[in-house]
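Working through the structure, step by step
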Amino acid sequence: MITEEDFFSRMPKIIGHRGACGLAPENTLASLRKAAEIGTRFVEIDVTVTQDSVAVIQHDNDVRRCSNGSGPILLKTLKEVQQLDAGSWFSDDFKGEKIPTLRQATDTLAELNLGLNLEIKPCSGWQIPTTEQVAKELLDYWPEDLPLLISSFNVDSLYEMGRLIPDIPRGYLTSAIPPDWEERLTDSACASLHCERYYVTEDQVKAIKKAGFRLLVYTVNDPKEAEKFLGWGVDAVITDFPDRMFAALDL
Ligand code: G3P
Ligand code: MG
């Protein structure tokens, strides 16, 4: 695994959200390919597990919003998950696109040389088994030199990942920045704070940077807003539309 220092020295200012989810169905291999095609160098995707304990790339607990199926992914086997069409809901151009496994996503990321922010999205109550499975798979096949940062809204997942693979840098994911952010980041040994655009103020950015942490802001789709955050010292913005950022910003 590459070190925390290596990860952040290679991390660009623009990170594709769920691949490039404004341009292709989120969290699919097509979304990763689209991100790479338009020049994105790092992406964020979400990971959870199936009933038969396989790590798969999916944002919601239920497959309804992003496929032609319905019901909790945790109650479906990999075979059932792979029968779903995860592209048609977005557009006919992506008909037949599948929900990828973490293994498939990893192979595609490696092929495209895309760095990754992997967000662990456990179903509530399933945070430990989800994290254990993700860790097991990463140890098994994650390419040594491909940049990887793990983040989660779920603190149990962050701690468990820190225990299982302490070398992978971790990001503390939140909407609003908690008042005791410094204690939380220090206690969980997280290198970065990832927060939602609505809640970020310039003073907070300065304080977080001064304390030596990295700061990522999501989901920023307006280049003017991205420019503002980056000007304040935010390390990277996570966007559905990397293409807009590349067209408008002098990076
Ligand atoms: O990791 C940033 C962002 O993806 C967190 O929110 O709901 O899009 O996974 P969400
Ligand atoms: Mg996410």
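With respect to the site of ligand 1
Around ligand 1, the neighbouring residues are His17, Arg18, Glu44, Asp46, His59, Glu119, Lys121, Phe153, Leu173, Tyr218 and Ile238. Between Glu44 and ligand 1, the recorded distance is 2.6 Å, taken from a side-chain N or O atom to an oxygen atom. For ligand 1, an oxygen atom lies 2.7 Å from a polar atom in the side chain of His59. The fraction of the free accessible surface of ligand 1 (290 Å²) that becomes covered by protein chains is 91%. When its residues are assigned to classes, the shell around ligand 1 shows four nonpolar, two polar and five charged.

Structural notes on the environment of Leu216
Here Leu216 shows up in strand 8 (residues 214-218). Overall, the relative accessible area of 0% leaves Leu216 in the buried class. Ignoring anything within four residues of it in the chain, the contact list for Leu216 reads Met11, Ile15, Ser192, Leu193, His194, Cys195, Ala236 and Ile238.

Let's talk about the state of the cysteines
Inspection of every chain in the model, using the stated rule, returns zero disulfides. For the unlinked cysteine Cys21, the closest cysteine sulfur is that of Cys66, found at 8.9 Å. A residue is classified by how much of its surface remains accessible, and Cys21, at 13% relative accessible area, is buried. Left without a disulfide partner, Cys123 is nearest to the cysteine sulfur of Cys66, which lies 16 Å away.

Things to note about the coordination of the magnesium ion (ligand 2)
Coordination of the magnesium ion (ligand 2) by the protein comes from Glu44 (OE), Asp46 (OD) and Glu119 (OE), over a distance range of 2.0 to 2.2 Å. The sequence motif formed by the donor residues of the magnesium ion (ligand 2) is E-x1-D-x72-E. Within this pair, whereas Asp46 is found in strand 2 (residues 42-49), its partner Glu119 is found in strand 4 (residues 115-120), the two being separated by 73 residues in sequence. Exposure remark for Asp46: the relative accessible area of 0% places this residue in the buried category. For Glu119, a relative accessible area of 5% corresponds to the buried category.

Some thoughts on the nonpolar core
Grouped burial of nonpolar side chains is what soluble globular proteins tend to show. Membership of the largest hydrophobic core comes to 26 residues, with the highest contact counts inside it found for Leu102, Leu118 and Leu138. For this core, the secondary structure elements donating two or more residues are helix 2 (29-37), strand 2, strand 3 (55-57), helix 4 (102-112), strand 4, helix 5 (127-141) and strand 5 (148-152). Beyond its immediate chain neighbours, meaning those up to four positions away, Leu102 contacts Val47, Ala55, Val56, Ile57, Leu118, Val134, Glu137, Leu138 and Tyr141. Counting residues in hydrophobic clusters, the runner-up holds 24 residues, among them Leu185, Val217, Phe229 and Val237.

Observations regarding the pattern of salt bridges
With the rule as written, the count across this model stands at 12 salt bridges. One salt bridge connects Asp235 with Lys209, and the closest N-O pair in it is separated by 2.8 Å. One end of the pair, Asp235, is in the loop between helix 9 (223-232) and strand 9 (236-239); the other, Lys209, is in helix 8 (residues 202-210), and 26 residues separate them in sequence. Via salt bridges that share partners, Arg18, Glu26, Asp60 and Arg65 belong to a single interconnected network.

Details of the packing of aromatic side chains
Under the defined criterion, the tally for this structure stands at eight aromatic pairs. Considering the side-chain rings of Trp89 and Phe90, the 5.7 Å spacing of their centres and the 85° angle between planes classify their relative orientation as edge-to-face. With a centroid separation of 6.4 Å and 80° between ring planes, the pair formed by Phe153 and Tyr218 is classed as edge-to-face. Taken together, the residues span a long stretch of sequence, with Phe153 in the loop between strand 5 and helix 6 (155-164) and Tyr218 in strand 8 at a distance of 65 residues. The partly exposed category is assigned to Phe153, whose relative accessible area is 40%. Members of the aromatic cluster, each reached through a chain of ring pairs, are Phe7, Phe8 and Phe42.

What counts and what doesn't
Residues numbered from 1 in each chain as written. Chains lettered and ligands numbered in written order. Predicted model: local features only at pLDDT ≥ 70, side-chain atom pairs only at ≥ 80, totals over all residues. Heavy atoms only, no water. Near = heavy atom within 4 Å. Polar contact = N/O pair within 3.5 Å; in protein donor to acceptor, adjacent residues only side chain to side chain. Areas by Shrake-Rupley, 256 points an atom, 1.4 Å probe, with all protein chains shown as cover. Nonpolar A, V, L, I, M, F, W, Y, C, P; charged D, E, K, R; others polar. Helix = DSSP H or I, 4+ residues; strand = E, 2+ residues; numbered from the N terminus. Buried < 20%, exposed > 50% of the residue type's maximum accessible area, 1.4 Å probe, protein only. Contact = heavy atoms within 4.5 Å. Disulfide = S-S within 2.5 Å. Donors = N, O, S within 2.8 Å, 3.2 Å for Na, K, Ca; no water. Core = buried A, V, L, I, M, F, W, Y, C linked by side-chain atoms within 4.5 Å. Salt bridge = Lys/Arg side-chain N within 4 Å of Asp/Glu carboxyl O. Phe/Tyr/Trp six-rings, centres within 6.5 Å; stacked < 30°, edge-to-face > 60°.

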